[in-house]
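Chain by chain, the residues run as shown.
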Amino acid sequence: MRKDLKSHFLATLYGAAIGDALGVPSEGLTITMYEKYFPNGIHDFVPSPPGLHGSLQPGQYSDDTEQLLILANSLVQDKGLDIHNFSKRLANWWRISAGVPSMNRGIGKTSWAGCRKLSLGVSPFESGSQYSLSNGSVMRVAPIGLFYRNPRNSSSKARVSSIPTHDKRECKEAAAYIASMISFMVHLGKSPLQAAKASLDMIKDKRLENRFKKAIRYRKQKPEKVAKILGTRQTVLQSVPYAVYCFLHNQTSYEKAVLLAVNSIPGDTDTISCITGALSGAHLGMKGIPKKFIKNLEDQKRIRSLGNKLLSKAAQFGF
Ligand SMILES: [Mg+2]
């Protein structure tokens, strides 16, 4: 086991949560609105434009991190992935978010529909959408890559974790790819490029594989060009390969990687930077995450505590 495993576990969770919180204000903005409210770009936790993104304040994370923390907690409590218990936790979370509008942090349509079905007692194998290509099961998947040491196991568990909300092949394969990359970097010490290339063998969808190959091939190209080629929208075919690009384009700097994602307009910026942030944290460890972000992140102590518990359970039960 790597000596600095704890640092990489914590940085993956912090990396995702910080990326998500940084990306909230620019999510879904048109270029005109972005230029009006953020003429110098976004470089820190800032308020959203008036009337957008509910009551989320600077440093607060969105539904992406909520789901990621639910999955991490599920792995800790159940000593690994138990799809039924994980689904119960998703359903409980949805009930609160649906019942109290101020508690809804922007749950996407597909997650909403899947969790609603789960809360009505539908089986997790029948609740997920077979049609939606949205990225809701990829943004939450990072804890699986931490928990399971073997990239092949983490990719197969990632697929299962997608099923209750996102049961379409492309969504499951995109989740498998990101979990596998994290396992390769955190547990096997692979470089970002090695992890990105090796994870291509883990996925069973040619169209998605070609998108990830493009993210790798264009990693040194300019963001404006790559954003046009890959796209930055919510579909897993666009946002997930683009998140991998943001990471590969800035392998040595967490801050540069996530801020590139945050300022990729128009786009699903909170989710792209959540995924980019998890990948970058997994690679760099805590030395890569700027303290200024951790200090102002909501729930930072709870996230640290959950990361420590995840590490100790993973050492016992992750395989
Ligand atoms: Mg969100």
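Residues numbered from 1 in each chain as written. Predicted model: local features only at pLDDT ≥ 70, side-chain atom pairs only at ≥ 80, totals over all residues.

So, on to the overall build of the protein chain. Summing up its helical and strand segments, the protein chain has 17 helices and zero strands in all. The C-alpha atoms of the protein chain give a radius of gyration of 17 Å, which matches the 20 Å a tight globule of 319 residues would have. Overall, the C-alpha framework of the protein chain stretches about 45 × 45 × 40 Å when taken along its three principal axes. Sorting the 319 residues of the protein chain into buried and exposed places 55% on the buried side. For the protein chain, long-range pairs separated by at least 24 residues make up 75% of all intrachain contacts whose partners lie at least 6 apart in sequence. (Helix = DSSP H or I, 4+ residues; strand = E, 2+ residues; numbered from the N terminus. Rg over C-alpha atoms; globule rule 2.2 N^0.38 Å. Buried ≥ 20, exposed ≤ 12 C-beta atoms within 10 Å, placed from the backbone. Contact = placed C-beta atoms within 7 Å.)

This part covers the environment of M286. Mapped onto the secondary structure, M286 falls in the loop between α15 (269-284) and α16 (291-295). With 276 residues separating them in the primary sequence, M286 and L10 have C-alpha atoms 6.9 Å apart. Residues in contact with M286, not counting those within four places in the same chain, are S7, L10 and A11.

Where helix α3 (residues 63-78) meets helix α4 (residues 83-99), the axes come as close as 10 Å, and the angle between the chain directions of the two elements is 140°. Put simply, α3 runs oblique to α4. Pair α3 / α4 crosses with right-handed handedness. Seen from α3, the contacting residues are E66, I70, L71, S74 and D78; seen from α4, they are N85, F86, R89, L90 and W93. (Axes fitted to C-alpha atoms, helices over the stretch in contact; angles between N-to-C directions. Parallel < 35°, antiparallel > 145°, perpendicular 65-115°, else oblique. Left-handed = near helix turned anticlockwise from the far one by under 90°.)

Quick look at α15 now. Its 16 residues give α15 an end-to-end C-alpha distance of 21 Å, which sits within 8% of 22 Å, the value for a rise of 1.5 Å per residue. In terms of burial, α15 is a largely internal element, 16 of the 16 residues being buried. Looking one or two residues past α15, G285 carries a phi angle of roughly 75°, positive in sign. (Expected span 1.5 Å × (residues − 1).)

This paragraph deals with the nonpolar core. One broad rule of soluble globular proteins: the nonpolar side chains tend to lie buried together. Within the largest apolar cluster, 89 residues are counted, with the highest numbers of intra-cluster contacts made by V138, I178, I182 and I275. With 12 residues, helix α9 (residues 169-186) is the single largest residue contributor to this core. Not counting residues within four places of it along the chain, the set of residues in contact with I182 comprises T12, A142, G145, L146, A278, L279 and A282. (Core = buried A, V, L, I, M, F, W, Y, C linked by C-beta atoms within 7 Å.)

On to unusual backbone geometry, then. Peptide bonds are trans in most cases, and residues, glycine excluded, mostly fall at negative phi. The omega angle of the peptide bond from I265 to P266 is -5°, so this bond is cis rather than trans. Positionally, P266 belongs in the loop between α14 (254-262) and α15. For H53, which is not glycine, the phi dihedral falls at a positive 60°. Tracing the chain through its elements places H53 in the loop between α2 (31-37) and α3. A count of 19 C-beta atoms within 10 Å places H53 in the partly exposed class. One non-glycine residue, D299, lies in positive phi territory at about 60°. Among the structural elements, D299 can be located in the loop between α16 and α17 (300-317).

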